[in-house]
Amino acid sequence: MILAYAVAIPVAAVFLFPYAWMLSGAFRRTRDVLADPLRLWPEQFDLAVLADIARIGGAPLHGFVLNSLLYTSLATVLGTLAAALGAYAITRRPRLPGFRWLRAGFLLTVMYPYMLLVVPVYIAMHKLGLLGSPLGIVLFLCLGPIQFLLFEQFFRAVPAAVIEAATIDGASEWQVLTRIVLPMAMPVTATVALIGFLLTWAQWFPVLVISRGPETYTLPVALLSLNTELGASFQGIMALAVLTTLPPAILFLIAQRRVMQGMAGGAVKG
Amino acid sequence: MQERATRLTRRCLGFAAAAALAAPSVVRAQVTTLTIWHDLGDNGITWFERMGQAFAQVRPGVAIRSQSFPTEQWFGRVIGAINTNSAPDLIFNNYERVIRIQSQTNRVMDLRPVLEGVRDRDFLSEQDLRVGTFRDRLIIIPTQRVQMAMGTRLSWLRRVGESAPPDTWEDVRRVAQKFREGDPDGNGRADTFPFALQAARPRDLVHMLDLFTFGAGLTHTLIDPAGNITIDQPEHATVLAEFLRTYSTYRWVPPDTVNHSFTEMYQVIEGGRAGMFRVGDWNVRRWDGANTIGGDFVSHPWPRFFPNRDNAVVIAGMRGVGVPENAPNRALSVEFARFMLTRPAQQASLEVMGSAVRKDLDVSSLSERQQWFARARHRLVAYDFPEATHAFYPELEAGFHRRLLAAIGSPPRDHEVFIRELAREMRDTARRLSRG
Amino acid sequence: MRGLHRVRAEGIFYLLVLPFAALTVLFGLWPIVLSVQVSFTASATALRPDPQWVGLANYASVLGDTLFQESLWRTLAYTAMAVAANLAFALAAALLLDSKLLPRGNMAFRLILFLPVVTPDVAGYVVWRWLFDSSFGAVNAALDAAGLPAFAGLTTPATATASVLVAELWHHAGFYTLIFLANLAIRDPALEEAAKVDGAGAWARFRHVILPQLRPALVINLVYATIQFLKTFTVVVVMTKGGPAESTTFVSYLAYQYFDQARYGEATAMATILFAVVIVLSLLAYALGERGRA
């Protein structure tokens, strides 16, 4: 047992160190960080950095925070809904014309190296008239492989007997869905929504491509944008990184049990 | 039940919010807004705001709205926008970047007739206009000549007993040794480096070489307009060899420099770990500040390598404004482009961005170090922008970069032999690319 | 006619799947199709509304490009290493956490492992980038304080690959650990009891009782990890920019570089080839895992 802790504690320390360093880097001046990298407690709490990042690319910091919160929440709600209904339909009737193609196509989208899709996504959104619109961003963010796969696993595990019993009793498909399956799916849905929120928060690529300007940027995108030749402040980057990491970290810590059980429980059913 | 109600409410709110977002905003257009896309960050946005205010005096009812994108994204966006007819009104960037836009869209306006209509333009030389021209089309109106000098930490010079910044390459060698071993920042630790440079991407490394090459009074770092490779000419080879040694055998830069791009290079400079570095006329504003190096540096020309060639400060960039042919408000955009050459616009450019093209501006409000650039009493040479002449230049440069990094990672025993070999390779590559 | 008839009768299912289908097709498949289209055009005209079609020329050029060939081998090698390292670490961590050896703070350890998974990758990698810096980073400062030799960090090819691997493991391993943990939670205790009674040692129990029951998690993790690491991109952009000496220029980053050089046709051809490789390998991984399923 001692051996176990002797291994676990150092590993945990290594995993946690980046966060401590990030936090301290937000408060220490670049000069001090480069002079004494190991020191975690700031020499002084230099809050001047907040002025540095108060406006990025002309848009205010609180705008990025609001965007992150708004887009992530909306995309989570809509995405969870679409994934749930879609997964339900596909597991109930896997052989309907087009369903197998849809499922295969969906899995394919996960496999493509996304970074080259800048111009195609731009063109596609332009043709849909959604360029630069928050709605376009939200809709794009709804796409999430994990959500679909978790729901699929869950619905597959619903015993056929339960559905059969209902249909024999004369219930329509709609009633089966709303009266029987959905109530059962409540816990999974909450879990999927949580996981969806956590993963969607970190997404930067779609937001960056679809935005026409910094007013629709989210925090991770603002972080990337700090990288301009004409003004790159290490402290600012660290401070923004902290701001970007904090909300999902806090949410995760609050809902930990649910997230961890749901993440795995849905994925592995013997 | 409770959960179901909450979820239903959430769903409804979700739809409502989504619908609200999608509803088009109904705003009465009382003002025409011109959009301009650049990559200058917050400074650039401030600059365009100031120009917008000045422009409104001349042209009421027109507002200027600028947006900054990281350079890499600026390309994709502008090209995509122009090609899908959703172009901004104006684009602003370095000349060689606007070239890329023109070659991929062929829809950047020829501004020559526009410029001809401007009477007050004596400050624009033939050289400036030639730089702004690509295949007989004037694709930008030049508005900023960007100077890049070498900078040296004043307090470091004093502490190691040097009375003046280095002028010749011999001076540099002496000063570099002292910066490395003489504890120039006085903190008792051997943690200082003579130079802060960059190397990660092709443009990062070769740009540094450009500065040393042109700064030493030579021209054409890698390839000349006729297509001849220049690196194995005796003087070029000397500069290149010393440049490579700076990174490798002399150990005058932090070892991680091979991974450094400008962000990391700035970190090293602002963190007070390097004695000599590149100073752009836009850096001064920030580096005068107390939270960076507090103005503790002096700008001067790049090192003199050859007694018969004068050293200089390099005009390594020409920034200008271009107008897409399918700009939503073409006539107004052209007017604003012309406006950017007027005194108020240029004054704002000098004060906010550090460079301009006009010679009759008021420099009294600038700091001592900013004035050094603005007065430009030193010798200036202009970079040759090979990308304008050879469409294959980016690919050639990438190959060049690869081999240079290899030479930095494993320094060759004989640099002269290496450079001869490299020149031969580059000739083959250039021949292949120019055919293809 | 039968197909259409079915569609009408089962209309409700089509209705239910509509949002999901719309999202997948419009935002997932369509951009990919557009991108593949670009791979068949000449780079100089690729992004114009009227491009010049060149058939398979870009593919031929890419496949014959030594840079690409080297990058492909490098990517495959890195993926193999990363998958092995991540799964081994995750399995060890899961077994340790599941055993009775860490009663106090067990949940805390799980949280610490999983936190990096939900940390935005950009933020995390920026911190790791500076941690590994030879002159200014905490890693070397710590080694120095402990009297150990310095770690070359991102400055030499071998150590740069290792550093990238470590940073990615920090970010991804928690996820795989979780999958293993869940699988461990549903295993049959009776089988282990029986093995213990039979006198089997810990290693034998692991090999013959626990491991077979972990098959579902192994398959999932193998497929996920393969796809994930074949596409390695953000970490290279933030930490090494492909260097030093191309040691971390994996295919997706090389394609990105070509894109930067305005070689759009070749860049998208490369992406499509990588896409094909990902599909083939993940199918292989899946088949491998499912093979021998009783």
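Residues numbered from 1 in each chain as written. Chains lettered and ligands numbered in written order. Predicted model: local features only at pLDDT ≥ 70, side-chain atom pairs only at ≥ 80, totals over all residues.

### Some words on the overall build of chain B
So the rule is basically this: A helix here means a DSSP run of H or I that spans at least four residues, while a strand means a run of E at least two residues long, and both kinds are numbered starting from the N terminus. A radius of gyration in this sense is built from C-alpha atoms; the matching globule rule multiplies 2.2 Å by the number of residues raised to 0.38. Any residue with 12 or fewer other C-beta atoms within 10 Å of its own C-beta is exposed, any with 20 or more is buried, and the rest are partly exposed; the C-beta atoms used are placed from the backbone.
Helix and strand content of chain B: 18 helices and 11 strands. For 436 residues, the compact-globule estimate of 2.2 N^0.38 gives 22 Å, and chain B sits close to it at 24 Å. Taken across its 436 residues, chain B has 50% of its residues classed as buried.

### Points about the overall build of chain A
Cut-off, in case you're wondering: Contacts here follow a simple rule: the backbone-placed C-beta atoms of the two residues must lie within 7 Å.
Of regular secondary structure, chain A possesses 14 helices and 2 strands. In terms of its C-alpha atoms, chain A occupies a principal-axis envelope of roughly 75 × 60 × 30 Å. Counting every position in chain A, which comprises 270 residues, the buried fraction comes to 53%. Sequence separation of at least 24 residues holds for 75% of the intrachain contacts in chain A that already meet a minimum separation of 6.

### Comments concerning the domain arrangement of chain B
Residues and elements named next belong to chain B. Spelled out, the test is: Note: domain ranges come from an automatic or database domain assignment. Here the term charged refers only to Asp, Glu, Lys and Arg, the term nonpolar to Ala, Val, Leu, Ile, Met, Phe, Trp, Tyr, Cys and Pro, and the term polar to all other amino acids, Gly among them.
In terms of domains, chain B is made up of domain 1 (32–146 + 318–377) and domain 2 (148–315 + 387–435). Using C-alpha coordinates to define each centre, domain 1 is positioned 29 Å away from domain 2. Each partner contributes to the interface: domain 1 provides 14 residues, whereas domain 2 provides 13 residues. Elements that contribute at least two residues to the side of domain 1 that touches domain 2 include exactly α4 (95–105), β6 (141–152) and α15 (368–375). If you tally residues by element for the side of domain 1 that touches domain 2, the top one is α15, at 4 residues. Residue classes in the side of domain 1 that touches domain 2 are distributed as 6 nonpolar, 5 polar and 3 charged.

### Section: the confidence of the model for chain A
Close reading of the predicted structure is inappropriate where its pLDDT is low. Definition in use: Confidence per residue, as judged by the predictor, is encoded in pLDDT with a range of 0 to 100.
Predicted confidence across chain A gives a mean pLDDT of 81, with 91% of residues reaching 70 or more. Overall, residues 266–270 of chain A carries pLDDT values under 50, and its contacts beyond four positions in sequence, including any with other chains, amount to 19 contacts.

### Things to note about the interface of chain A and chain C
Opposite the 69 residues of chain A that make contact, chain C presents 76 residues. Tallied by class, residues from the side of chain A that touches chain C come to 58 nonpolar, 8 polar and 3 charged.

### Let's talk about helix α8 (residues 169–181) of chain B
All names here are of chain B. Put simply, the rule is: Expected helix span is given by 1.5 Å per residue-to-residue step, counting one fewer step than there are residues. The directions from the helix axis to the C-beta atoms form the arc being described.
Taking 1.5 Å of rise per residue, the 13 residues of α8 would be expected to cover 18 Å, and the 18 Å separating its terminal C-alpha atoms lies within 8% of that figure. Val172, Val175, Ala176, Lys178 and Phe179 are the residues of α8 that are buried. Seen along its axis, α8 keeps its buried residues to an arc of 165°; they face one direction. Exposed and facing more than 90 degrees away from the buried side of α8 are Glu170 and Glu181. Those residues of α8 that are buried lie in contact with α7 (154–159), β7 (193–196) and β8 (274–280). After α8 finishes, the residue aspartate 183 shows a positive phi value of roughly 45°.

### Observations concerning the pairing of strand β3 (residues 90–94) of chain B
Residue and element names in this part refer to chain B. Definition in use: Pairs of strands are assigned from DSSP output, requiring at least two bridges between the strands.
Of all the 5 residues making up β3, 4 are buried; the element is thus mostly covered by neighbouring parts of the structure. Strand direction decides the pairing type here: strand β1 (residues 32–38) and β3, joined by 2 bridges, are parallel. From the neighbouring strand, tryptophan 37 faces β3, where its bridge partner is isoleucine 91. Relative to strand β10 (residues 313–322), β3 runs antiparallel, the two sharing 4 bridges. Each bridged residue has a counterpart across the sheet, and for asparagine 94 the counterpart in β10 is arginine 319.

### Brief notes about the pairing of β8(B)
All names here are of chain B. Within β8, 7 of the 7 residues are buried, which leaves it mostly tucked inside the rest of the structure. Bridging between β6 and β8 involves 5 bridges; their strand directions are antiparallel. Bridged to methionine 148 within β8 is glycine 280. Sheet topology places β7 next to β8; 3 bridges connect them, and they run parallel. Looking at the pairing, phenylalanine 195 lines up with methionine 276 of β8.

### Digging into the packing of helix α5 (residues 99–111) of chain A against helix α2 (residues 11–38) of chain C
What counts here: An axis is simply a line fitted to the C-alpha atoms; with a helix, the fit covers only the stretch in contact. Between two such axes, the angle follows the N-to-C directions and lies from 0 to 180 degrees. When an angle is under 35 degrees it counts as roughly parallel; over 145 it counts as roughly antiparallel; between 65 and 115 it counts as roughly perpendicular; any other value is oblique. Crossing handedness: left-handed means the near helix sits turned counterclockwise from the far one by under a right angle, and right-handed means the same turn made clockwise.
At their nearest, the axes of α5(A) and α2(C) sit 9 Å apart, and the two run at 50° to each other. Regarding the angle of α5(A) to α2(C), the classification is oblique. As α5(A) packs across α2(C), the resulting crossing turns out to be left-handed. The segment α5(A) lies against α2(C), with A:Leu102, A:Gly105, A:Phe106 and A:Thr109 engaging C:Val17, C:Ala21, C:Thr24, C:Gly28, C:Leu29 and C:Ile32. Of the residues that constitute the contact of α5(A) with α2(C), the class distribution is 6 nonpolar, 4 polar and no charged.

### Focus: the nonpolar core
The condition is simple: Buried Ala, Val, Leu, Ile, Met, Phe, Trp, Tyr and Cys residues form a nonpolar core when they are connected through C-beta atoms within 7 Å.
With 174 residues, the main nonpolar core has C:Phe180, C:Ala255 and C:Met270 as its most contacted residues. Take this core: its biggest share by element is 15 residues, from helix α4 (residues 61–92) of chain A. Each of domain 1 (1–46) and domain 2 (58–267) of chain A accounts for three or more of the residues forming this core. Filtering out sequence-adjacent residues up to four positions away, C:Ala255 remains in contact with A:Pro113, A:Leu116, C:Ala267, C:Met270 and C:Ala271. Counting residues in each nonpolar core, the second largest holds 126 residues, with B:Ile45, B:Phe214, B:Ala407 and B:Met426 among its members.

### Thoughts on the environment of B:Phe75
Position of B:Phe75 among the secondary structure elements: in helix α3 (residues 71–83). On a C-alpha basis, the gap between B:Phe75 and B:Asn308 in space is 41 Å, while along the polypeptide they are 233 residues apart.

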